[in-house]
Amino acid sequence: MEPGDSVTDPAAAAEAALADVLSPGFLRKLDRLHLTVRRSLSTRPGNTPMPRGAQGSGIVIESHKNYDLGDDLRHLDWNAYGRLDQLMIKTFRAEREAPLQLFIDLSASMAFPAEDEKVPFALSLATSLAYVSLRQHDPVRLVGLSAALPSRFMASPLFRHRQSLQRLRNFLLTLRPAGETALADGISAALTTQRTPSVAVVISDFLVAPQVYETALAHLVARRFTVAALRVIGPAEREPTRLFRRAQVVDAETGAYRFVTLTPANVARYEVALRDHLERLQSFCQRSGIVLAVADTAAGLEQTLFHDLPALGMIH
Amino acid sequence: MSFAEPLALLFAGAYGVLVLFYLWERWRRQVVVPSLLLWQAVREDTIRARRFRPDLLFILQCLLLTALILGLARPYLTGDNDTTARARHIFVVDTSASMQAREARGARFDEARGIALGVLQELGPNDEVMLITAGHTPEVVVNFTADHDAVVQALEEITPSDTSGDLGVALAYADAARQRSDLPANIALFTDVPRTQLPPAHRDQVTVYQVGESDSNIGIQALQIFQGRFQDYRRARAQVLLQNYSHREGHGFVTVQLGNQPVVRTGFTIPAREAKGIVVNDFPGAGVVTAQLESADALAADNVAFGWIRPVAPVRVLVVSATTPLVKELRDLAAATPGLQLTSVTPSGLTSLHLEQTDIAIFHRFVPQPLPAVNALYIHPDADNALFPVVGDATAVEVLDWNATHPALASIRPLASLPLQTTRIVTPPAWSETLLWSRNDTREFPLALAGEHNGRRTACITFDLEAERLLSADSINFFLFFMNLIAWLAPEQEEAVVVNTGDVRALGPFPHRPVMVHDPHGKRYALEGEPPTLVPLFAGEYRLSSNGTRRTVLANFFDPIESDIGRASKEPPRAFSSAATRPPIAPPPAADTSSRRARNWLYAAAIAVLMLEWGVARRSAS
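Residues numbered from 1 in each chain as written. Chains lettered and ligands numbered in written order. Predicted model: local features only at pLDDT ≥ 70, side-chain atom pairs only at ≥ 80, totals over all residues.

**Regarding the overall build of chain A**
Applicable threshold: Numbering of helices and strands starts at the N terminus; helices are DSSP runs of H or I of at least 4 residues and strands are runs of E of at least 2. The exposure scheme places C-beta atoms from the backbone and then counts, for each residue, the other C-beta atoms within 10 Å of its own, assigning buried at 20 or more, exposed at 12 or fewer, and partly exposed in between. With C-beta atoms placed from the backbone, a contact is any residue pair whose C-beta atoms sit within 7 Å.
When helices and strands are counted, chain A shows ten helices and eleven strands. Within chain A, the fraction of its 316 residues that count as buried is 43%. Considering only intrachain contacts with a sequence separation of at least 6, the fraction spanning at least 24 residues in chain A is 78%.

As structure tokens, this is what we get:
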């Protein structure tokens, strides 16, 4: 593939991808999904149960505790008293609003190889997760990240209702990949306007030096976000022999180039480098308590949403 | 190994073009990747990043280029075992009449044939030979062949004819064959014509083996028989014209005979390069006249000539007219002409029996209905006849023009100033041609016309001969015209035809096929074509027969150019006796056939490599 070569027009591809996601049939499939949120420090009541959160009142009994002076006597568990001859107070599962922040890498690297269609896939993934969250009455905010953007990011308003899907779609369609990667700077800048920790999903190819994405993700972890990282990859990125045998390879973001001949040895080296990159990312995410999913554009959106993410516990 | 076209090797510069193309193509090819992050581990072509490094495609393309360049260069192996044909030779042998001239060593043609056989013997075993005869009609006797025995046999069989030879056309044939040949070819001409007399276009392109030295020839240049149309043999006379072509005084005897009966035998002496005529009268009868020359000269072909005295059968003329002075005049005319038998009848007395016994019917002021099935002359036809529509009359007219090409007007002095009192103005029928014209104030009209109508010769004189009294001694020209018209109307009585050798003569009609010919050499063959056509190549008598129908054709060899056997610019005769004196044959380039074979193989290899390269390129692209 050479500069200017692309399978389809990027804007048209994004629009088509979003149209598929927002089709009634696909939305019905998404209705079965729920984001798994283990922690939210939001104080606003919502519909998302906090698995390890407890509150004095509610619907679902979370656990019991010994009666302390001042506890609400209405929640005394008389059955437990009858059996244990001890005063026990019922505690209930906390339900809080769990805002979802979707950080989408809009650097130039996301646009290549063009045949991988990483940007349309990322937008489709973001739209799907946004819909799942909105259906749970949890607000959603989309943030595009790129060094080409003013302040390194571009954020959408907070969408709260399913009726906001069209506006959400329109916002996504304004996003264009360009410029260098700005994961760390962009996320850091975006968080200055959104302090409340919630759920953060970073959708990127993470093709930057490890310290860059580690810094970016660490920002989120430090702010006590529930973080998930979605590494978008395509078949051409996995197998560069699909693109050329001998060529001058040019960096999409920096313009740097190398003359490369894809001998079998070089292909093996590349594959090792890719594997090392993914393993390092995986290792960091694991250490940091970040859910990492590798979303292959060739496998398709449904594979990611209905198999990969549920397997990781991010969706149920 | 060597190359037939070494200049083709200059195309090797295309290799550089191919390399440049590869480098340029490589420089142009860029692939954008998301990041060089993963490519840092890949070994870069740092040392040869901008240098050329061939791949399989390039090697295949080089092979293709090599095959094409070598194919153009036509390589061949030089070796002693090359058994392919090395050269071609075109033998052109003059078979004209002059080649029959006898020299000290024998006939010129035999000498030329001997030389040709000698040249043939000296050729390489694989050399190919073509044999062309330069006779009246040049002919390729043997096409290119390495079978020298076949050429020898053909040389033994060809003979000279009694005709002129067309060397120009024969050499043009040979030159065309040489240009079409993919092997080098040379032309060898065996003739008695010196090089300086050859056509300029071929003069320097042929090897001439000239034979013949003698100029000693006395020949019969012409034999003319003078016999009027209505004259029998008693009035016939012959004139024999002899020509001495040599540069010395010539002597001899000439014998003229009728059939086998000698009529006259006389001696003659003719100064050098001069002619002499001999007149012969008193032939005892009709038949073939033969003039035979007895002279110690080199060429015998022109020592005999033939003529024909026509047996005259009387022409039966029927005059259909009222009793008028014209009838008497015609009777007087017939009485004075031995070949005419005239009868007369009035129009009312005309019967079919009269017409059956008539060769020519003359109708005076009368056109019968139906028209008679006989050759007819209509004099001053009646005004309401249907054959020559009359549109009016004219008076006081003169003959203003005439058709001098018609046999009726042949050898007649102008008929102008022939005043006519009155004449019919007729519309000429489409089948006729006008013989005499006149005009008045308003139009031009015929005075006499003739043609063939319903298979019969028909003529018309629009003015009244009786009124004009034209059949008199005062109007000798008109009288001759009238007699010629009668002769034209008379049925053909010739039984023999006299032609020149080489003339194409259409004969016919013959009622049956095939028409068989006995030529003067006793050879028998059938004539082809419709009508049957005879081209006599030898002087003498040709007898034609077809199921009872017989004809005689007498062919004479009258060609002063061929009979003049002496040559002005005589080149020294070539005594072909050894290879040392043989003119060198142009050395052929080495092994043209093997180079052609190698070229074909190389082109086939180029095609195979091209297909392989295409397949590899497609695989790389996919």
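**Overview of the interface of chain A and chain B**
The accessible area lost on association of the parts is a frequent measure of interface size. Applicable threshold: When residues are sorted by character, Ala, Val, Leu, Ile, Met, Phe, Trp, Tyr, Cys and Pro go into the nonpolar class, Asp, Glu, Lys and Arg into the charged class, and all the rest, Gly among them, into the polar class. Two strands form a pair only when DSSP identifies at least two bridges running between them.
Every contact between the two is made by 30 residues of chain A and, on the other side, 18 residues of chain B. At the level of secondary structure, the elements contributing two or more residues to the side of chain A that touches chain B comprise strand S9 (246-251), strand S10 (257-261) and helix H9 (264-288) of chain A. When the residues that make up the side of chain A that touches chain B are grouped by side-chain class, the tally is 17 nonpolar, five polar and eight charged. Pairing geometry for S9(A) and strand S2 (residues 30-33) of chain B, over four bridges, is parallel. Within the sheet, the bridge partner assigned to A:Val249 lies in S2(B) and is B:Val31.

**Topic: the sheet that holds strand S16 (residues 287-294) of chain B**
Strand pairing in a sheet relies on backbone hydrogen bonds. The paired strands run either parallel or antiparallel. Residue and element names in this part refer to chain B. Test applied: Note on geometry: axes are C-alpha line fits, over the in-contact stretch for helices, and angles between N-to-C directions span 0 to 180 degrees.
Taken together, four strands build an open sheet; the order of strands is S14-S13-S16-S17 and the sheet is antiparallel. Strands with a single pairing partner mark the edges of an open sheet, and in this sheet they are strand S14 (261-270) and strand S17 (304-309). Across the sheet, the mean angle from the axis of one strand to that of its neighbour is 20 degrees, orientation sign disregarded. Pairing of strand S13 (residues 250-258) with S14, which is carried by nine bridges, proceeds in the antiparallel orientation. Paired with Leu258 across the two strands is Gln261, which belongs to S14.

**Overview of the environment of B:Tyr378**
Residues and elements named next belong to chain B. With respect to the helices and strands, the residue Tyr378 is situated in strand S21 (residues 375-379). Here the alpha-carbon distance between Tyr378 and Ile461, two residues 83 residues apart in the chain, equals 6.2 Å. When sequence neighbours within four positions are dropped, the list of residues in contact with Tyr378 reads Phe363, Val367, Phe388 and Cys460.

**A closer look at helix H4 (residues 118-135) of chain A**
Residues and elements named next belong to chain A. Stated precisely, the cut-off is as follows: Given a helix with a known number of residues, its expected span is that number minus one, times 1.5 Å.
Here H4 is 18 residues long and its end C-alpha atoms lie 26 Å apart, about the 26 Å a rise of 1.5 Å per residue gives. Taken across its 18 residues, H4 has 17 buried, putting it largely inside the fold. One or two positions beyond H4, positive phi appears at His137, with a value near 65 degrees.

**Quick notes on unusual backbone geometry**
Residues and elements named next belong to chain A. With omega at -10 degrees, the peptide bond leading from Phe112 into Pro113 counts as cis. Assignment of secondary structure puts Pro113 in the loop between strand S4 (100-105) and H4. One non-glycine residue with positive phi stands out, namely Asp85, at about 55 degrees. Note that Asp85 resides in the loop between helix H3 (78-84) and strand S3 (88-96).

**A word on the pairing of strand S7 (residues 128-134) of chain B**
Taken residue by residue, a regular strand's side chains alternate between the two faces of the sheet. All names here are of chain B. Within S7, seven of the seven residues are buried, leaving the element largely enclosed by the surrounding structure. Every second residue of S7 is oriented toward a common face, with Glu128, Met130, Ile132 and Ala134 on one face and Val129, Leu131 and Thr133 on the other, all of them buried. Bridge analysis of strand S4 (residues 88-94) against S7 gives seven bridges, and the strand direction is parallel. Bridge pairing in S7 links Val92 to Ile132. Pairing of S7 with strand S8 (residues 139-145) involves four bridges; the strand directions are antiparallel. Within the sheet, the bridge partner assigned to Val129 lies in S8 and is Thr145. Counting the residues in the hairpin turn of S7 and S8 gives four residues.

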